[in-house]
Amino acid sequence: MGLYYIAVGFGAYVVVSLTFFCFPNIIFKRRKYKSEVLEEALHSANHKVLMVAHRGGARERLENTMEAFEYAVEQGCHMLELDVHLTKDKVVVVAHDENLGRLCGVNAKISDFLYEDLPPLLDEIELHFSDGEKFRSETTNHRIPKLSELFERLPNTLMHIDLKDDHPDLPLEASKIVNQFDREHITILGGMKQIKQNKYKKLNPKALTFCSIGGYFGVFMLYIFGLLPFWPIYFDSFSAG
């Protein structure tokens, strides 16, 4: 009798698992985004490939610069990935590193400077994940751009923004700029720490966010224990900055 109940229980588990595997939206329906730009990108290339320019394309142009972002769009990239920090006077700027040593040759943090006093980017910088390979720029404009300038220059381009800075005001200042340019529907924003997403989402409930490190682990554990179909997912993208 015990084996009978075990067999029935296992059979029921298999049926339920296969049902949710084949029809994952039984409980939670597929989301519909108000952005035609985002919908078009998500449905491009038969749902297979979404081209994202990491830091604007760090191997082809100087990373996280206006030149890199505009070049990536010209080449047909669907989305720009970029990183932001906060200066001493609370200007949201586009840069990956907190310390300016690699980018500008100055051993100091972005948050130590007023925006107008930020040093220029070097002509040649070492690329991450490249075993010491460097990229040399031939252009003369090496100023670290503001996030607002990027939004103004490319108003209809999808962007994935990583809040690199741990400054408590960064989510607020970034939210202000996203709202100012009416970009909630085409900007996916977040950070590796869940607290950043929580702050940003509280400020802007309609905003799109990506999964934090803790979120990845949580979804994985829900999947392992078979509970994922019954658990709502509050973020909009599995991605990392």
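What counts, and at which threshold
Residues numbered from 1 in each chain as written. Predicted model: local features only at pLDDT ≥ 70, side-chain atom pairs only at ≥ 80, totals over all residues. Heavy atoms only, no water. Helix = DSSP H or I, 4+ residues; strand = E, 2+ residues; numbered from the N terminus. Buried < 20%, exposed > 50% of the residue type's maximum accessible area, 1.4 Å probe, protein only. Contact = heavy atoms within 4.5 Å. Areas by Shrake-Rupley, 256 points an atom, 1.4 Å probe, with all protein chains shown as cover. Phe/Tyr/Trp six-rings, centres within 6.5 Å; stacked < 30°, edge-to-face > 60°. Lys NZ or Arg CZ within 6 Å of the ring centre and 35° of its normal. 1 Å grid on protein atoms, 1.4 Å probe; cavity = no way out; pocket = protein on both sides within 12 Å on 5 of 7 lines; lining within 4 Å. Points joined across faces, edges and corners; volume = space filled by probe spheres on them. Nonpolar A, V, L, I, M, F, W, Y, C, P; charged D, E, K, R; others polar. Core = buried A, V, L, I, M, F, W, Y, C linked by side-chain atoms within 4.5 Å.

Next up on the list: the overall build of the chain. Secondary structure summary: the chain contains 8 helices and 8 strands in total. For the chain, the spread of C-alpha atoms along the three principal axes comes to 80 × 40 × 35 Å. Each of the 241 residues in the chain was classed as buried or not, and the buried ones make up 40%. Long-range contacts, defined here as pairs at least 24 residues apart, represent 61% of the contacts in the chain between residues at least 6 apart. Of the accessible surface of the chain, which amounts to about 14,000 Å², a share of 59% is contributed by carbon and sulfur atoms.

Further remarks concern the packing of aromatic side chains. Counted according to the given criterion, the structure contains 1 aromatic pair. Aromatic side chains F151 and F181 sit 5.8 Å apart centroid to centroid with 70 degrees between the ring planes, which places their arrangement in the edge-to-face category. Linking F151 in helix α5 (residues 147-153) with F181 in the loop between α6 (170-180) and β7 (187-190), this pair joins segments that are 30 residues apart in sequence. For F181, a relative accessible area of 25% gives the class partly exposed. One residue, R61, lies across the ring of Y71, its end atom 3.8 Å from the ring centre. R183 extends its terminal NZ or CZ atom over the ring of F151, reaching a point 4.4 Å from the ring centre.

Our next topic: empty space enclosed by the protein. Within the structure shown, the criterion is met by 1 cavity of 30 Å³ or more. As for the largest cavity, its lining consists of E63, N64, V94, A95, L103, L121 and I144. Class assignment for the residues of the lining of the largest cavity results in 5 nonpolar, 1 polar and 1 charged.

So, on to the nonpolar core. Nonpolar side chains tend to gather and get buried jointly when the protein is soluble and globular. Formed by 24 residues in total, the largest nonpolar core has its most connected members in L80, L82, V84, L147, M159 and I161. Aside from chain neighbours lying at most four places away, what touches V84 is V92, V93, V94, A95, L147, I161, D162, L163, K164, D165 and L170. Listed in part, the 18 residues of the second largest apolar core include A58, C104, Y115 and L127.

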